[in-house]
Amino acid sequence: MAQTTPIAVLISGRGSNFVALAEAIGRGEIPARIVLVVSNEPDAAGLAKARRMGLATAAVPHRDFAGRREHETAVLAALDEAGAEWVCLAGYMRLLSERFVHRYERRMLNIHPSLLPAFPGLDVQRRTLEHGVKVSGCTVHLVDAGLDSGPIVVQRSVPVLDSDDADALAARILEQEHRAYPEALRRLLTQDWRLDGRRVVFT
Ligand code: GAR
């Protein structure tokens with residue numbers, strides 16, 4: 001078998017982006033294997049999906065720990081034990097400390113449902129509609145210590161329609177997320193690339 005990169009996926013909820021990654025890996029499109037799916041929410045639907053897929057899972061509830069540092073120490077220990085070399089954040093609704101980010105520098109990705117740097121943070125679709133932008137989309141980016149601020153790997157755009165509410169817009173964007181995330185991971189793992197300032201340049 002060709003060499004595959006061990007990756008962990010961190011989720012907090014539904015896990016549809018995790019499933020999109022797992023399916024793309026299953027189709028042989030990404031030379032990776034998922035060695036662990038971690039959730040800070042023990043009841044996350046995505047964890048149950050991962051179990052059904054026969055993947056290793058870990059629930060690490062942040063509420064069980066005294067603080068962010070202790071929680072992250074437990075997550076990092078689980079990642080180390082699983083041998084994860086890359087981390088994909090997929091709807092993981094926790095801010096990560098610099099220590100965590102540093103450990104996976106240039107080897108950790110996140111997906112966000114807007115065309116960054118527009119609309120970082122939470123409640124994205126409501127703010128997108130309120131602002132009145134006509135084009136939105138999703139962004140896969142390398143994670144740095146800021147909020148949704150790391151170097152951009154892949155973006156896909158969608159129109160914002162006059163008839164949209166937040167749910168309709170979120171659904172249109174999610175369809176593109178499921179393409180963008182596998183594409184970003186595939187490109188980073190299979191192509192030569194470098195960082196030129198903030199720019200991810202494929203060579
Ligand atoms: C996705 O829309 C993802 O972009 C967003 O949460 C959703 C998770 O869905 N992430 C963020 O807003 C992070 N800032 P999923 O659990 O079905 O993948």
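In what follows, the structure referred to is the one given above.
So, here's what we can say about the structure.

Rules of the game
Residues numbered from 1 in each chain as written. Predicted model: local features only at pLDDT ≥ 70, side-chain atom pairs only at ≥ 80, totals over all residues. Heavy atoms only, no water. Helix = DSSP H or I, 4+ residues; strand = E, 2+ residues; numbered from the N terminus. Rg over C-alpha atoms; globule rule 2.2 N^0.38 Å. Buried < 20%, exposed > 50% of the residue type's maximum accessible area, 1.4 Å probe, protein only. Contact = heavy atoms within 4.5 Å. Areas by Shrake-Rupley, 256 points an atom, 1.4 Å probe, with all protein chains shown as cover. Lys, Arg positive; Asp, Glu negative; His and termini not counted. Charge placed at Lys NZ, Arg CZ, Asp CG, Glu CD. Near = heavy atom within 4 Å. Polar contact = N/O pair within 3.5 Å; in protein donor to acceptor, adjacent residues only side chain to side chain. 1 Å grid on protein atoms, 1.4 Å probe; cavity = no way out; pocket = protein on both sides within 12 Å on 5 of 7 lines; lining within 4 Å. Sits in = over half its atoms within 2 Å of the grid points. Pairing = 2+ DSSP bridges. Axes fitted to C-alpha atoms, helices over the stretch in contact; angles between N-to-C directions. Phe/Tyr/Trp six-rings, centres within 6.5 Å; stacked < 30°, edge-to-face > 60°. Lys NZ or Arg CZ within 6 Å of the ring centre and 35° of its normal.

### As for the overall build of the protein chain
Point 1. Tallying secondary structure elements over the protein chain gives six helices and nine strands in all.
Point 2. At 16 Å, the protein chain has a C-alpha radius of gyration in line with the 17 Å of a compact globule built from 203 residues.
Point 3. Taken along its principal axes, the extent of the C-alpha atoms in the protein chain is 50 × 40 × 35 Å.
Point 4. By residue count, 47% of the 203 residues in the protein chain fall in the buried class.
Point 5. Relative to all contacts within the protein chain whose residues are 6 or more apart in sequence, the contacts with residues 24 or more apart total 61%.
Point 6. Accessible surface computed for the protein chain: about 10,000 Å², of which carbon and sulfur atoms make up 49%.
Point 7. Averaging the coordinates of the 25 positive side-chain charges in the protein chain and doing the same for the 25 negative ones gives two points 3 Å apart.

### Some details on the site of the ligand
Point 1. By nearness alone, every residue bordering the ligand is listed as R14, G15, S16, N17, G91, M93, I111, H112, P113, D148, L174 and E177.
Point 2. G15 places a main-chain nitrogen or oxygen 2.7 Å from an oxygen atom of the ligand.
Point 3. In the complex, the protein chains occlude 88% of the 450 Å² of accessible area that the ligand would expose alone.
Point 4. With respect to the detected pockets, the ligand is housed in the largest pocket.

### Side note on the pairing of strand β9 (residues 199-202)
Across a regular strand the side chains alternate sides, sitting on one face of the sheet and then on the other.
Point 1. Note that strand β8 (residues 193-196) and β9 share four bridges and pair antiparallel. The residue bridging W193 from the neighbouring strand is F202, located in β9.
Point 2. Turn length for the β8-β9 hairpin, with the two strands adjacent in sequence and antiparallel, is two residues, and the turn residue G197 shows positive phi of about 65°.

### What about the sheet that holds strand β1 (residues 5-11)?
Point 1. Reading across from one edge, β3-β2-β1-β4-β5-β6-β7 is the order of the seven strands in this open sheet, with mixed pairing throughout. The open sheet is flanked by β3 (57-59) and β7 (152-159), the only strands paired with a single partner. Geometrically, the sheet is characterised by an average inter-axis angle of 20° between neighbouring strands, direction not taken into account.
Point 2. Across seven bridges, strand β6 (residues 135-142) lies against β7 in antiparallel orientation. Of the residues in β7, the one forming a bridge with T139 is Q155.
Point 3. Across the sheet, helix α1 (residues 16-26) touches β1, β2 (32-39), β4 (86-89) and β5 (108-112), and the angle it forms with β2 is around 160°.
Point 4. Here helix α2 (residues 45-52) sits on the sheet and contacts β1, β2 and β3; the angle it forms with β3, its principal contact strand, is near 155°.

### Quick look at the packing of aromatic side chains
We describe a pair of aromatic rings using the distance from one ring centre to the other and the angle between the two ring planes.
Point 1. Tallying each qualifying case throughout the model produces one aromatic pair.
Point 2. Their ring planes at 35° and their centres at 6.3 Å tell us that F100 and Y104 sit as a pair that is tilted. In this structure, F100 and Y104 share a single accessibility class: buried.
Point 3. The ring of F202 has R187 sitting right over it, with the charged end atom 3.9 Å from the ring centre.

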